[in-house]
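Breakdown of the fold
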Amino acid sequence: MLERRLFTADHELFRDTVRRFIAAEITPHHDHWEEQGYVDRELWLKAGQAGLLCLTMPEQYGGAGADRLYSTIMIEEAARAGVSGPGFSLHSEIVAPYLMRYGTEEQKQRYLPRMAAGETIAAIAMTEPGAGSDLQAIRTTARRDGDHYVINGSKTYITNGYNCDLVVLVAKTNPELGAKGTSLILVETGTEGFRKGKRLKKLGLKAQDTSELFFDDVRVPASNLLGREAC
Ligand SMILES: Cc1cc2nc3c(=O)[nH]c(=O)nc-3n(C[C@H](O)[C@H](O)[C@H](O)COP(=O)(O)OP(=O)(O)OC[C@H]3O[C@@H](n4cnc5c(N)ncnc54)[C@H](O)[C@@H]3O)c2cc1C
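Residues numbered from 1 in each chain as written. Predicted model: local features only at pLDDT ≥ 70, side-chain atom pairs only at ≥ 80, totals over all residues. Heavy atoms only, no water.

1. Thoughts on the nonpolar core
Phe14, Val18, Ile26, Leu43, Leu52, Met74 and Phe88 are the most contacted members of the largest nonpolar core, which has 22 residues in total. The set of elements that each furnish at least two residues to this core consists of helix H2 (9-36), helix H3 (41-49) and helix H4 (68-81). Those residues within four positions of leucine 52 in sequence are excluded, and the remaining contacts are Phe14, Val18, Phe21, Ala47 and Met74. Membership of the second largest hydrophobic core comes to 21 residues, among which are Tyr111, Ile138, Leu166 and Leu226. (Core = buried A, V, L, I, M, F, W, Y, C linked by side-chain atoms within 4.5 Å. Buried < 20%, exposed > 50% of the residue type's maximum accessible area, 1.4 Å probe, protein only. Helix = DSSP H or I, 4+ residues; strand = E, 2+ residues; numbered from the N terminus. Contact = heavy atoms within 4.5 Å.)

Given below as structure tokens:
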């Protein structure tokens, strides 16, 4: 009954598309992905081609401009099929909105269309070995050096951490201010000093690449700041 009130005929057509996509492109490979500890990158490209990523982002940034019920359908259908590997929700429903909300026009143009196409896989890195719920305890720093930030620290339990091309990193830009000195910095895979650690073995979500990330004197342009610097 609840479903009838919430979902329109268009939503149900979309649900059918998602169900068929999962049956054809995910379920047959999921056991293998659980063994290897991550889903193949090719899946992200296929999901992008099928229009299943960054659904709620505006069309001008490669999304579908869809309402949140479309995202809900993605989550429901993955749960229904028991496929926990693809980290699509984090990519589309957490990282993309951060970029949309806080990004400059240049940052949005650079990342969102590629994320919608599945060409750029995104992660968000908050948690550290010594900071989980108590996020103010993070020790990763991003110190300003002229036109750059120099980043040092490590993160753990990062969803999409092994496959990711882009990380929204939570770091202290003003450590002396405690929790208030925390900012968001965009770091791309391939930047010197940025290294991916091991994929963590978990009780469940075995095909999801939950990883460690390390940052040793990573220099990124100051324009990689997402939103304002905390001060
Ligand atoms: C599969 C998976 C994927 C993840 N993906 C990401 C990701 O993409 N990016 C990222 O940054 N992090 C990620 N995390 C980390 C996740 O955000 C942390 O596990 C979470 O913040 C909790 O931190 P913690 O594990 O250190 O537990 P702790 O903070 O040590 O908490 C342990 C227990 O103590 C309780 N507790 C803590 N503080 C208090 C308090 N003040 N009062 C009462 N109870 C308290 C908690 O509720 C919990 O039950 C992921 C974790 C998992 C398991």
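2. A look at the domain arrangement of the protein chain
For the protein chain, the assigned domains are domain 1 (2-117) and domain 2 (122-226). Spacing between the C-alpha centres of domain 1 and domain 2 amounts to 23 Å. Facing the 25 residues of domain 1 at the interface are 23 residues of domain 2. Of the roughly 2000 Å² buried between domain 1 and domain 2 on both sides combined, carbon and sulfur atoms contribute 59%. Linking domain 1 to domain 2 there are two salt bridges. Taking the shortest distance from any N to any O, the salt bridge between arginine 110 and glutamate 188 comes out at 2.7 Å. Summed over the shared surface of domain 1 and domain 2, the number is twelve residue pairs in polar contact (both at pLDDT 80 or more). Of all the elements in the fold, those that place two or more residues in the side of domain 1 that touches domain 2 are H2, H3, helix H5 (88-102) and helix H6 (105-117). Ranked by the residues each element gives to the side of domain 1 that touches domain 2, the list is headed by H5, at seven residues. (Domains from an automatic or database assignment. Buried area = accessible area lost by both parts, 1.4 Å probe. Salt bridge = Lys/Arg side-chain N within 4 Å of Asp/Glu carboxyl O. Polar contact = N/O pair within 3.5 Å; in protein donor to acceptor, adjacent residues only side chain to side chain.)

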